[in-house]
Amino acid sequence: CLIQGVQARYIAHTQGGQTTHGLGEDTGIRISGRGNTIRECEIAFSAGEGVFLAGENNAVVNCWIHDIDYMGCYASPVTMAGTHDLLSHNTISDAGRDCVKVGGIDDRIEYNDISRAGRICNDLGLIYAAGHDGENTEIAYNWVHDVQTHHGMGMGIYLDNFCRNYLVYHNVVWGVQKG
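Conventions we followed
- Residues numbered from 1 in each chain as written.
- Predicted model: local features only at pLDDT ≥ 70, side-chain atom pairs only at ≥ 80, totals over all residues.
- Heavy atoms only, no water.
- Pairing = 2+ DSSP bridges.
- Helix = DSSP H or I, 4+ residues; strand = E, 2+ residues; numbered from the N terminus.
- Axes fitted to C-alpha atoms, helices over the stretch in contact; angles between N-to-C directions.
- Buried < 20%, exposed > 50% of the residue type's maximum accessible area, 1.4 Å probe, protein only.
- Contact = heavy atoms within 4.5 Å.
- Core = buried A, V, L, I, M, F, W, Y, C linked by side-chain atoms within 4.5 Å.

A. Molecular detail of the sheet that holds strand β3 (residues 29-31). If you trace the 6 strands from one edge of the open sheet to the other, you get β3-β6-β9-β12-β15-β18, paired in parallel fashion. Single-partner strands in this sheet number two, and they are β3 and β18 (154-160). On average, each strand axis in the sheet is inclined to that of its neighbour by 10°, with strand direction left out of account. Pairing analysis gives 6 bridges linking strand β15 (residues 124-130) to β18, with the strands arranged parallel. Across the sheet, the residue bridging to glycine 125 is methionine 155, located in β18.

See the structure below:
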């Protein structure tokens, strides 16, 4: 399936859920199955997720994804939870917590402009993974910049709590903070 040229705004709202870790409900655009692509779309304004990638060989390419996770609840403009998925040539910005949450296997995150995470949370990363084996997930050739948190630590690429098997190279990171 191909989703192309769509302007998806105000895609998910909620009555609150479990904001300490997650909303406790599915939000945003959820892609699973195999070989699906979202291309040249604007995805904006969601209390929870923007795009949730699961399944295998799915892609988000050349999209503008912004103003997502204004509940600050571990949702992200893009959450990667599949296998061999691609996030490439996107502009991803303005998130309550992280901009890209990585939890898939052998995924590729490349040539993205990722900025302005941490609007209402602390201890976060513009690209964030926690306690996960990326199994050769590549994070390369991205611009990662301008953490917005004023409450503590905001990293660029944050592989937290025993992450392993990530290939991180040739990214440019600026405008981040340490707690």
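B. Structural context of the side chain of serine 46. Counting through the fold element by element, serine 46 comes out in strand β5 (residues 42-46). Overall, the relative accessible area of 0% leaves serine 46 in the buried class. With sequence-adjacent residues up to four places away left out, serine 46 is seen in contact with Ile11, Ala12, Asp67, Ile68, Asp69 and Tyr70.

C. Structural view of the nonpolar core. Ranked by internal contacts, the top residues of the largest apolar core, which has 30 residues, are Ile65 and Val100. Counting only elements with at least two residues in this core, the list comes to β6 (51-53), β8 (64-68), β9 (78-80), β11 (91-95), β12 (100-102) and β15. Residue contributions to this core peak at 4 residues, all from β15. Once residues lying within four places of it in the same chain are set aside, the contact partners of valine 100 are Ser76, Val78, Met80, Leu87, Ile92, Ile109, Ile114, Leu126, Ile127 and Tyr128.

D. Structural detail: the environment of isoleucine 105. Here isoleucine 105 lies in the loop between β12 and β13 (108-110). Its relative accessible area of 28% is what places isoleucine 105 among the partly exposed residues. C-alpha separation for the pair isoleucine 105 and glycine 82, spaced 23 residues apart in sequence, amounts to 6.3 Å. Those residues in contact with isoleucine 105 that lie beyond four places of it in its chain are Gly82, Thr83, His84, Gly134, Glu135 and Thr137.

E. Focus on unusual backbone geometry. The phi dihedral of arginine 116 is positive, around 55°, even though this residue is not glycine. Its location among the elements puts arginine 116 in the loop between β14 (113-115) and β15. Assessed through its relative accessible area of 31%, arginine 116 is described here as partly exposed. Within the chain, aspartate 146 stands out as a residue other than glycine whose phi angle is a positive 65°. Summarising the element assignment, aspartate 146 is placed in the loop between β17 (143-145) and β18. Classification of aspartate 146 by relative accessible area gives partly exposed; the value is 29%.

Bear in mind that shape data such as this cannot, by itself, settle questions of function.
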